[in-house]
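Here's the letter readout for the chains.
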Amino acid sequence: MVQGSIETQTARQILREPGAPVVVFDHVQLAFDDKVVLRDVSFTLIKGHTKVILGASGSGKSTALKIVVGLLKADAGIVWVNGQRVDQLTEKGLMDVRDDLGMIFQEGALFDSLTVRENVGYKLYEETALPLADIDRRVEEVLGFIGLAEHIGKMPSELSGGQRRRVAIARAMAFKPSIMLYDEATTGLDPITATTVDDEMIKLRDLENVSSIIVTHQLRDAFYVAEHMAMRQGNGEVHVVRATREKEREAEFIMLQDGLIIFEGDADALRTSADPYIRSFLS
Amino acid sequence: MLSLIERWLKASAHETQEYVYLTSAAFYGVFTRPFYRHDIVEQFDQIGAGSLTVVLLAGLFTGAALASQSGLTLDQFGARPVVGRLVSASMIKELGPVLTALMLTGRIGSGIAAEIGSMVVTDQINALRALGTDPVRKLVVPRVLAGIFMAPVLTVIADFIGILGGWVIARFQLQVNSGLYWSSITKGLYIQDVWMGLSKPFVFGFVIATIACHVGLRTTGGTAGVGKATTLSVVAGSVAVIASDFFVTQILIALMY
């Protein structure tokens, strides 16, 4: 018991330090019946960094995210999230891990029967004992951050596709998680709207120090997030500008092909890769 | 052929296992925190108050048709004045509970399966889990509680309206004296009949809601899958109501009569 407590404290201390590993995949495998979805996948997400998982449809990208948040269990391998082995936790134990994880699903997955306010504040209204006034204030603050404050009373069906994705981001960030998981957050959006969603991801990462895993097959968005950074000006305004070389290196790319990692490196390494599959993917 | 049967048996066993798992998780959720009171109240309103019109109409016309048909048969024995007794016994013991349950299967069983099924295919259930909410506690428990407790209430209302519909026919078509009609009801009704009529809806409400939730949560295949789940929920729910009616009747007869 004492030993366990010491281990937990040590893990917490390590996680507080810069450069700490917040998500670790160690030789993870998963198959649905005869179809192997992930084969021996290993990677690490460093605190405050971005991991971009690329790959064609059905390559296992979304499955990897669902394993991180505990929606799916790996057949083999170890998965660490914020110092906890999610592959060994029960559904009840996973609830604690999920308190620090925000996930944006494909198409947003907003609750149809709830307003934008209720969607964004869902976790705070339903799963915490915070005073209503505090929750309302946080919801308004988050919607202001993503520029949708005037839509607070609308239903999801009244929003455009891009607005829905941004509300989904607001819902995931309302409870201030330190890790965000984006599952095809920009797929199906026009380039201008996709850029507004990308900007929200960048702002969260750089201004709120949120670690991110971005799953996408939209190369344009993947490179945009990796090669830009958010800066707050003296007057409080936030601008998204070209990232410094050092900042660019904080975004790492993984390419999955049939559940197997075939590339791992930064944006430059990806662009210059000679692998025929990656070349065809980039072209 | 053998492998086909084997596959069917495996699939059936798996479905049964998942159904039992869901019902036990729901049972556990009824007695342990967290409770989603707002959802429970909302479901009581939707399933109870929302089904009132359907149940009233079904009860009224069933009672009226029953009185009309019974009148013809009873005339052959010169027993037209006891039409009330026949209507009340049939309504309270059998027709009221079963027809109300079938109406609820069509109305709420399909609604629950479609709603939860849509949430599954649009990732809303996964979103709930990712946000730290147990979908069984949030979605299944309120619907099962509302099904269990509102089905008996609706059945009692259907019974009363059915008997009232029977009175309209008895009084104005069969020309039976009102006093005679109502007194034959009270004379012919035993406490066992009332228990029989009140016990069944609890079982039916549970069966309808749990089957609908189970089918909804296991929806796959996009919007077409939601349509299939809705149909399956109504078909499986209706058959389950009729089958459980038989077994509950046998048990209650053995226990009470």
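Helix and strand counts for chain A stand at 12 helices and 12 strands. Expected size for 283 residues packed as a compact globule is a radius of gyration near 19 Å; at 19 Å, chain A falls within 12% of this value. With respect to the three principal axes, the spread of C-alpha positions in chain A is 55 × 50 × 40 Å. Out of the 283 residues belonging to chain A, those deemed buried represent 50%. A fraction of 62% describes how many contacts in chain A between residues 6 or more apart in sequence connect residues 24 or more apart.

Residue and element names in this part refer to chain A. Overall, mixed pairing links the six strands, which are arranged E6-E7-E8-E3-E11-E12 in an open sheet. Taken across any chain shown, the strands that pair with only one partner, and hence form the sheet edges, are strand E6 (101-104) and strand E12 (260-265). Taken pair by pair, the neighbouring strands of this sheet meet at an average axis angle of 15°, ignoring direction. Strand direction decides the pairing type here: strand E11 (residues 251-257) and E12, joined by five bridges, are antiparallel. Note on E12: the bridge partner recorded for Ile254 is Glu264. Along the sheet face, helix H9 (residues 219-226) touches strand E3 (50-55), strand E8 (211-216) and E11 and points at about 155° away from the line of E11.

Taken as a whole and judged by the stated rule, the model has 35 salt bridges over all chains. Close ionic contact of Lys61 of chain A with Glu184 of chain A constitutes a salt bridge, the shortest N to O distance being 3.6 Å. Pair noted here: Lys61 of chain A is in helix H2 (residues 61-69) and Glu184 of chain A is in the loop between strand E7 (179-183) and helix H8 (191-207), with a separation of 123 residues, a long-range link. The burial state of Lys61 of chain A is the same as that of Glu184 of chain A; both residues are buried. Notably, a salt bridge pairs Lys200 of chain B with Glu94 of chain B, separated by 2.9 Å at the nearest N-O pair.

All names here are of chain B. Where helix H8 (residues 191-217) contacts helix H9 (residues 222-256), the two axes come as close as 8 Å, and the packing angle between them is 150°. By the criterion of interaxial angle, the relationship of H8 to H9 is roughly antiparallel. As H8 runs across H9, the sense of the crossing is right-handed.

Another aspect to go through is the interface of chain A and chain B. Each side of the interface is counted separately: chain A has 20 residues, and chain B has 15 residues. Between chain A and chain B, roughly 1600 Å² of surface is buried when both sides are summed, and carbon and sulfur atoms account for 54% of that area. If you look at where chain A meets chain B, you find two salt bridges. Residue Arg129 of chain B pairs with Glu91 of chain A through a salt bridge whose shortest N-O separation is 3.1 Å. Counting the contacts that link chain A with chain B gives eight residue pairs in polar contact (both at pLDDT 80 or more). Those elements giving two or more residues to the side of chain A that touches chain B turn out to be H2, helix H3 (91-98), E6 and helix H5 (122-127) of chain A. Among the elements that take part in the side of chain A that touches chain B, H5 of chain A stands out by supplying four residues, more than any other.

Residues and elements named next belong to chain A. Note that strand E1 (residues 21-32) and strand E4 (residues 76-81) share five bridges and pair antiparallel. Each bridged residue has a counterpart across the sheet, and for Gln29 the counterpart in E4 is Ala76. Pairing of E4 with strand E5 (residues 84-85) involves two bridges; the strand directions are antiparallel. Pairing of Val81 across the sheet is with Gln84, part of E5. Linking E4 to E5, which pair antiparallel, is a turn of two residues; within it Asn82 sits at a positive phi near 50°.

What follows is about the side chain of Asp159 of chain B. Residues and elements named next belong to chain B. Summarising the element assignment, Asp159 is placed in helix H6 (residues 135-172). In this structure, Asp159 is buried with no salt-bridge partner, the nearest side chain bearing the opposite charge being Lys200 at 10 Å. Contacts of Asp159, omitting those with residues within four sequence positions, involve Met91, Ile92, Gly96 and Pro97.

It is worth spelling out the pairing of strand E2 (residues 35-46) of chain A at this point. As a general feature of sheets, a regular strand has side chains that alternate between the two faces. The pairing of E1 of chain A with E2 of chain A spans eight bridges and is classified as antiparallel. Across the sheet, Ala31 of chain A pairs through a bridge with Val36 of chain A, a residue of E2 of chain A.

Overall, antiparallel pairing links the four strands, which are arranged E2-E1-E4-E5 (chain A) in an open sheet. Edge positions in the open sheet fall to E2 and E5 of chain A, since each of these has one partner strand only.

This part covers the environment of Ala74 of chain A. In this structure, Ala74 of chain A sits in the loop between H2 and E4. In this structure, the C-alpha to C-alpha distance between Ala74 of chain A and Ile261 of chain A, residues 187 residues apart in sequence, is 16 Å.

Another aspect to go through is the side chain of Thr133 of chain B. Relative to the assigned elements, Thr133 of chain B resides in the loop between helix H5 (124-130) and H6. Looking at Thr133 of chain B, the relative accessible area reads 0%, which means it is buried. A distance of 3.0 Å separates a polar atom in the side chain of Thr133 of chain B from a polar atom in the side chain of Tyr122 of chain A. For Thr133 of chain B, the side chain forms a polar contact with the side chain of Glu127 of chain A, separated by 2.5 Å. Excluding its chain neighbours within four sequence positions, the residues that come into contact with Thr133 of chain B are Met95, Tyr122 and Glu127 of chain A together with Tyr36, Leu128 and Lys138 of chain B.

Residue and element names in this part refer to chain B. Between helix H4 (residues 83-121) and helix H7 (residues 178-188), whose axes approach to 7 Å, the crossing angle comes to 50°. In terms of orientation, H4 lies oblique with respect to H7. Crossing geometry of H4 relative to H7 is assigned as right-handed. Touching Val83, Gly84, Arg85, Val87 and Ser88 of H4 are Tyr181, Ser184, Ile185 and Gly188, all from H7. Broken down by class, the residue content of the contact of H4 with H7 amounts to four nonpolar, four polar and one charged.

Conventions used here
Residues numbered from 1 in each chain as written. Chains lettered and ligands numbered in written order. Predicted model: local features only at pLDDT ≥ 70, side-chain atom pairs only at ≥ 80, totals over all residues. Heavy atoms only, no water. Helix = DSSP H or I, 4+ residues; strand = E, 2+ residues; numbered from the N terminus. Rg over C-alpha atoms; globule rule 2.2 N^0.38 Å. Buried < 20%, exposed > 50% of the residue type's maximum accessible area, 1.4 Å probe, protein only. Contact = heavy atoms within 4.5 Å. Pairing = 2+ DSSP bridges. Axes fitted to C-alpha atoms, helices over the stretch in contact; angles between N-to-C directions. Salt bridge = Lys/Arg side-chain N within 4 Å of Asp/Glu carboxyl O. Parallel < 35°, antiparallel > 145°, perpendicular 65-115°, else oblique. Left-handed = near helix turned anticlockwise from the far one by under 90°. Buried area = accessible area lost by both parts, 1.4 Å probe. Polar contact = N/O pair within 3.5 Å; in protein donor to acceptor, adjacent residues only side chain to side chain. Lys, Arg positive; Asp, Glu negative; His and termini not counted. Nonpolar A, V, L, I, M, F, W, Y, C, P; charged D, E, K, R; others polar.

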